[in-house]
Amino acid sequence: MADRKNGMVQAYGYPGDSSQFNPRSVATATANNIHSNRVGRSSKRYSVSAFYSMAAEQDNEVEDELAQAQRSLRELKSKISAQSKKNFVLERDVRYLDSRIALLIQNRIALDEQNEMANHLEDHGVDESDSFPDDRKMQLYGNLFFILQTEPRHVATLCRLVSLAEIDTLLQTVMFTLYGNQYESREEHLLLTMFQNVLAAQFETSTEFGSLLRANTPVSRMMTTYTRRGPGQTYLKSILADNVTNLVENQKDLNLEINPLKVYEQMVAQIETETGSLPADLPRSVTPEVANSNADVQNIIQPRLEKLIQLAEDFLTTIISSTATVPYGIRWICKQIRSLTKRKNPEASDYSICSMIGGFFFLRYINPAIVTPRAYMLLDVAPGNAPRRTLTLIAKMLQNLANRPSYSKESYMLPTNPFVEKNKQRINRFLNELCEVGDFYETLEMDQYMALSKKDIDINITLNEMYNTHSLVYRHLDVIAPKEKDHLRVLLNELAPAPAQVARQENKTIDLPLFSRWETPIQDLTTALMSENNITQNDILYMETKAIYVQLIRSLPHLATDPLELDYIAETAATTKDAQLVRKGIKVKDMLKELEDAGVIDPKDNYKLLIEEITQELAHLGNLKEKVIQETESLTSVNETILNHNNYLKSQLESYKAYLQNVRIQSGGEKATKNSVGIGVEVEGRVRRPSKGPSKGPFKFSHSHLEKDGVIAETTVPENRRPNIFFSLSSPVPGTFIIAMHFKGREKPILEMDLKLDDLLEKQQDNIELLDLEYVRLNVTRTLGLLNKTFVTKSK
C-alpha cells in the first residue's frame, strides 16, 4: 500500500485519479499533459496511473466550472491555430506582391494582375463546382496523410529535398495543417520529431559548420516558420512588448545613431538648416574615417552609446529572466542543436556551442521580432525612424552577444563590445539553461495508443494543399520510399500522379479523416495497457474507483466533506434522479466492495489511502481550474492581437493593390478619377472595381522583322511560308498582352498566347532565355523590349 502511495502520488506531484477508464480520455490526457513538471517515473505502472490522473483533467462526463473553463480554452486555442494559418497565408501574399512590385519598379511599366490579386483575400470553399476526389481517393488521401503525420521522417526528408521556391507552400501544410493543432502535444511532439530528423541530416551533411543555421535554406525557413506558431508568438509578446512599446512610444524622438558617418551627415544637415550655410572645415561629404575622427561627432556618440547599452541591458535582462516561459518546443530544438553540435564536433568549446544555439534562438526567433515589431504583433503601428534604428542596433548587439562578433563590416559597432564582454558568460548560461528540458520519447508509445484508439483523427486541409503535397511526395518518391512494399509507395501507385492545382474559387477546405489500413485499431485500451505495462486488474480497478469518486464529487460538490465519506457519496449518487449518477453510484459501491475483498483497501482505516488520493486529486483539479482561467485570459489577448494583425495584413494587401492600380493608370493611359485608388479598395462605402480601359493594338510585325530584331530566336516555320506569316500584339488591359500568329488570308490566328508582364520579368530574373510558342521560340529579353517599345512608348 505504501508502495502505491509513494509511487503513484509522489512521483507525479499529485495523486493518480481517473474517470471511468475511457481510451479516448486517457489518450487525450496523455497528449495534453506531457510537458508537466512531474518527474520520477520509476516504472510503467506509475505512468499508467498518471494517465488515469490526466484523464480526469479531460473528463467529458462532468459539467462543472472546470469543464466549462476547459471547453472555452479548447475553443480559443482552436481559433488561434486557425487564425495563425490565415495570417501565414496572408504574409506569403504580401511577400509575393512585394516581389512583384520590385520587378515593376525595375522595369517601369504597368502590371495587371487584377484577376489573380483580387482573389488573394477571397474565402475558400464556397464554390459548388466539383473538384472533389471520389470516395476511394479520399480514403487513399486519408491513409497518405496519416502516414505523413505519424511517421515524421517522411516529411523531414521532403523538407530537405524541396527548393526554396517550394518550401513556403509545404510549410503551410506541415506547420498549420498536418500538425495544425498548435496546443495539442501529440501533434507538437510529432512535429518536433520531424525537426530532429531534419536537423540531424543537416548537421550530418553540412560542410560549413559556422553558417549552418544562418544561411537561407529550406531548413532555416522551416525553423523560422515554427517560431511563428501560436505559442511562439505568445512568448514574444509577453517578454518583448513592454520594452519595445516603452522605447517606441515614450522615447520616440530619441536618436541613438552611433554610426559616425550618419551622425556626421545629420550634424551637418542640422547646422546648414540652422545657419543657412556650412563652415569651410565641414564639407558635406566625408569618408567614414574622417567622420569618426571628428571631435563633435564623438561627443554626440558617447552619451548615445551609454544609453544604447543601457537599453540593450534592459532587453537582455528581460529575456534571460524568461527561461521558464520559453515554449517547450523552442527549448527542445535548442537542446537538439547543442546535442548535434557536440556530436558533429566533440572538441567544440562551450562558446562555439552556445553560438550555434544563439544562431537559432536570437537570429531566427528573438531579433526579427525586435527589428520588425509590427509584423510580430508587438505594436499596433510601425515604429518611427529613430526608434526603428535603435531597435535594429539593440538586435545587432544581442546577436553579437550570442555569436563571435566580427566588426570588420560594421566597425562602428566596435564601441559596443564592452556590453558583449560583460555579458558573455551570462548569455552562455542562459542558452545552456534553455536546453535543460526533458525529452518526450517515453510518451511516444502512448501517442501510438491514442492514434489507434481514437476514431476521429482528422485535419482541415484545402484541395490545393492536398494535391501539392501529393505532387511533392510523388516527385521525390524514390528517395522517400525506395522499396516496392513501402506503404507510401503503395499508396502513391494507387493514387497515380497528383491532379493539377485547382482554381482559387474551387480550392475547397475539407475535413480529411486520417486512418491507416495497415494498423489494427485498439478496441480495448485497458487490455493493451495491462499487457504492455505489467499492471494487474486490481490496479485498474483501484484507479477506476478513484476516478468515479472524483466524478461524483465534481457533479455533486456538496458531498466534498472533510473527511470524505465514500459510502455516503456512493449512496447519495445512487438515489439521485440523474440516471447516469445512479449508475455510477451503484457501480462504485460494487467496486469498493471488490477492492475490500481483494485486500487492496481496508474499511478499518476508513479507506484512508483512497480518500487521501481523491482529496489530493480534487485539490489538483481546483488548482487546475485557476490555471485554465489564467491561460484563457492570456490567450484571449493573444487571439485579439492575431485578429488585429490579420486586419493589418489585409489593409497592407489593399495598399499594394492600390499601388499596382496607380501604376496601371500612369503607364496604361487610363484616366485617373478621384475614385481611382485601386483594386478592391473601398471608396465611399462600396468596393471600387476599376474598368479595364480601352484595348491597345493590335500591332502587326512580320516574321522576318521579328527574326531580324532577335525577338524570334528559333523557328520551325518552313522558309517558303515565312513571308505569309505575321504576328499581332495587343494589350486588352495594361500589363497583359496577347501574341497571335497569323497566316495571311486566314481570319483566325494559327495560335494565341496570353502573357503577363510580371511572368516575363520573372523569367528574365531567373535567366530563362526562351519563351516557347510552339512554332517559334521568342527571346525573353528582346520580347520585353518589344513590349516596352510598342505599348509604353506609343501610349505617351
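About the criteria used
- Residues numbered from 1 in each chain as written.
- Predicted model: local features only at pLDDT ≥ 70, side-chain atom pairs only at ≥ 80, totals over all residues.
- Heavy atoms only, no water.
- Helix = DSSP H or I, 4+ residues; strand = E, 2+ residues; numbered from the N terminus.
- Buried < 20%, exposed > 50% of the residue type's maximum accessible area, 1.4 Å probe, protein only.
- Areas by Shrake-Rupley, 256 points an atom, 1.4 Å probe, with all protein chains shown as cover.
- Core = buried A, V, L, I, M, F, W, Y, C linked by side-chain atoms within 4.5 Å.
- Contact = heavy atoms within 4.5 Å.
- Phe/Tyr/Trp six-rings, centres within 6.5 Å; stacked < 30°, edge-to-face > 60°.
- Lys NZ or Arg CZ within 6 Å of the ring centre and 35° of its normal.
- Salt bridge = Lys/Arg side-chain N within 4 Å of Asp/Glu carboxyl O.
- 1 Å grid on protein atoms, 1.4 Å probe; cavity = no way out; pocket = protein on both sides within 12 Å on 5 of 7 lines; lining within 4 Å.
- Points joined across faces, edges and corners; volume = space filled by probe spheres on them.
- Pairing = 2+ DSSP bridges.
- Axes fitted to C-alpha atoms, helices over the stretch in contact; angles between N-to-C directions.
- Parallel < 35°, antiparallel > 145°, perpendicular 65-115°, else oblique.
- Nonpolar A, V, L, I, M, F, W, Y, C, P; charged D, E, K, R; others polar.
- pLDDT = per-residue confidence, 0-100.
- Expected span 1.5 Å × (residues − 1).
- Bend = angle between axes of the 7 residues up to and from the residue.
- Left-handed = near helix turned anticlockwise from the far one by under 90°.

Caption draft 1: Representation of the overall build of the chain within the structure. Scanning the chain for helices and strands turns up 30 helices and 11 strands. Counting only residues that meet the buried cut, the chain has 52% of its 796 residues in that class. Accessible surface computed for the chain: about 37,300 Å², of which carbon and sulfur atoms make up 49%.

Caption draft 2: Examining the nonpolar core more closely. Ranked by size, the top nonpolar core spans 122 residues in total, and within it Phe145, Leu240, Ile319, Phe361, Phe362 and Ile366 carry the most contacts. Per-element accounting of this core gives the leading share, 11 residues, to helix 16 (residues 350-371). Non-local contacts of Ile366, meaning those with residues more than four positions away in its chain, are made with Tyr235, Leu236, Ile239, Leu240, Ile319 and Phe361.

Caption draft 3: Summary view of the packing of aromatic side chains. In total, this model carries six aromatic pairs according to the counting rule given. Plain terms: the ring middles of Tyr141 and Tyr467 are 6.2 Å apart, the flat faces sit at 50° to each other, and that makes the pair tilted. One end of the pair, Tyr141, is in helix 6 (residues 135-150); the other, Tyr467, is in helix 20 (residues 463-475), and 326 residues separate them in sequence. Of the two residues, Tyr141 and Tyr467, neither departs from the other in class, the shared state being buried. Note on Phe195 and Tyr226: the rings are 5.1 Å apart at their centroids and 70° apart in plane angle, and the pair reads as edge-to-face. One end of the pair, Phe195, is in helix 9 (residues 185-205); the other, Tyr226, is in helix 10 (residues 218-227), and 31 residues separate them in sequence. By relative accessible area, Phe195 is classed as buried at 0%. Overall, Tyr226 belongs to the buried group, its relative accessible area being 5%. Among the aromatic residues, those joined into a cluster by ring pairs are Tyr235, Phe361, Phe362, Tyr365 and Phe430. A cation over a ring is seen here: Arg228 above Tyr376, with NZ or CZ 4.0 Å from the ring centre. Positioned above the aromatic ring of Phe743 is the side chain of Arg746, whose terminal nitrogen or guanidinium carbon lies 5.1 Å from the ring centre.

Caption draft 4: Molecular detail of the pattern of salt bridges. Counted according to the given criterion, the structure contains 18 salt bridges. Two residues, Arg284 and Glu272, come together in a salt bridge whose shortest N-O distance is 2.5 Å. In this pair, Arg284 sits in the loop between helix 12 (260-275) and helix 13 (288-293) while Glu272 sits in helix 12, placing the two residues 12 residues apart along the sequence. One salt bridge in this structure joins Arg426 and Glu313, with 3.4 Å as the shortest N-O distance. Here the residue Arg426 occupies a position in helix 18 (residues 417-434), and Glu313 occupies one in helix 14 (residues 295-320), the gap between them amounting to 113 residues. Among the charged side chains, a salt-bridge network with shared partners connects Glu313, Lys422 and Arg426.

Caption draft 5: A look at unusual backbone geometry. The backbone of Met377 shows a phi angle near 65°, a positive value even though the residue is not glycine. Along the chain, the position of Met377 falls in the loop between helix 16 and helix 17 (385-402). The phi dihedral of Tyr607 is positive, around 55°, even though this residue is not glycine. With respect to the helices and strands, Tyr607 occurs in the loop between helix 26 (579-597) and helix 27 (608-668).

Caption draft 6: Spatial organisation of the environment of Ala402. Relative to the helices and strands, Ala402 resides in helix 17. Along the primary structure Ala402 and Asn428 are separated by 26 residues, whereas in three dimensions their C-alpha atoms are 7.8 Å apart. Excluding its chain neighbours within four sequence positions, the residues that come into contact with Ala402 are Cys354, Ser355, Gly358 and Phe362.

Caption draft 7: Focus on the layout of surface pockets. Considered as a void within the structure, the second largest pocket measures approximately 320 Å³ in volume. Around the second largest pocket sit 18 residues that line it, and Pro563, Leu564, Glu565, Leu566 and Ile611 are the ones nearest its centre. Elements that contribute at least two residues to the lining of the second largest pocket include exactly helix 25 (566-574) and helix 27. If one sorts the elements of the lining of the second largest pocket by residue count, helix 27 sits on top with five residues.

Caption draft 8: Just the sheet that holds strand 7 (residues 725-733), in detail. Ordered in space as 5-7-8-9, the four strands form an open sheet in which the pairing is antiparallel. Looking at strand neighbours, the two that pair on one side only are strand 5 (696-702) and strand 9 (751-756), the edges of this open sheet. Along the sheet, successive strands turn relative to each other by an average axial angle of 20°, direction set aside. Pairing of strand 7 with strand 8 (residues 736-743) involves seven bridges; the strand directions are antiparallel. Looking at the pairing, Leu729 lines up with Ile739 of strand 8.

Caption draft 9: Here's a closer look at the packing of helix 16 against helix 17. At a minimum axis distance of 9 Å, the contact between helix 16 and helix 17 shows a crossing angle of 170°. Looking at the two axes, helix 16 sits roughly antiparallel to helix 17. For the pair formed by helix 16 and helix 17, the contact residues are Cys354, Ser355, Gly358, Phe362, Leu363, Asn367, Ile370 and Val371 on the first element and Leu391, Thr392, Ala395, Leu398, Gln399 and Ala402 on the second. Residue composition of the contact of helix 16 with helix 17, grouped by class: nine nonpolar, five polar and no charged.

Caption draft 10: Summary view of the confidence of the model for the chain. Averaged over the chain, the pLDDT score is 77; the fraction of residues at 70 or greater is 76%. Of all secondary-structure elements in the chain, the lowest mean pLDDT belongs to strand 3 (residues 682-683), at 32, while helix 14 reaches the highest, 95. Taken together, the stretch residues 1-48 has pLDDT below 50 and engages in 153 contacts with residues farther than four places along the chain or on a different chain. Across residues 108-129, where pLDDT falls below 50, the model places 66 contacts with residues more than four positions away in sequence or in other chains.

Caption draft 11: Quick look at empty space enclosed by the protein. Summed over the entire model, instances satisfying the criterion amount to seven cavities of 30 Å³ or more. Each pocket or cavity is described by its volume, and for the second largest cavity that value is around 100 Å³. Mapped by element, the contributors of at least two residues to the lining of the second largest cavity are helix 4 (65-107) and helix 27. It is helix 4 that provides the largest number of residues to the lining of the second largest cavity, a total of four residues.

Caption draft 12: Geometry of helix 8 (residues 164-178). For helix 8, with 15 residues, the first-to-last C-alpha span of 20 Å sits near the 21 Å given by 1.5 Å per residue. The axis of helix 8 is deflected most strongly, by about 30°, at Leu170. Across the 15 residues that make up helix 8, a large majority, 11, are buried.

Caption draft 13: A look at the packing of helix 10 against helix 16. Two numbers describe how helix 10 lies on helix 16: the axes approach to 9 Å, and their chain directions differ by 65°. Looking at the two axes, helix 10 sits roughly perpendicular to helix 16. In the crossing of helix 10 with helix 16, the sense of the turn from one axis to the other is right-handed. Between helix 10 and helix 16, the contacting residues are Ser220, Met223, Thr224 and Thr227 on the first element and Phe360, Arg364 and Tyr365 on the second. The residue inventory of the contact of helix 10 with helix 16, partitioned by class, reads three nonpolar, three polar and one charged.

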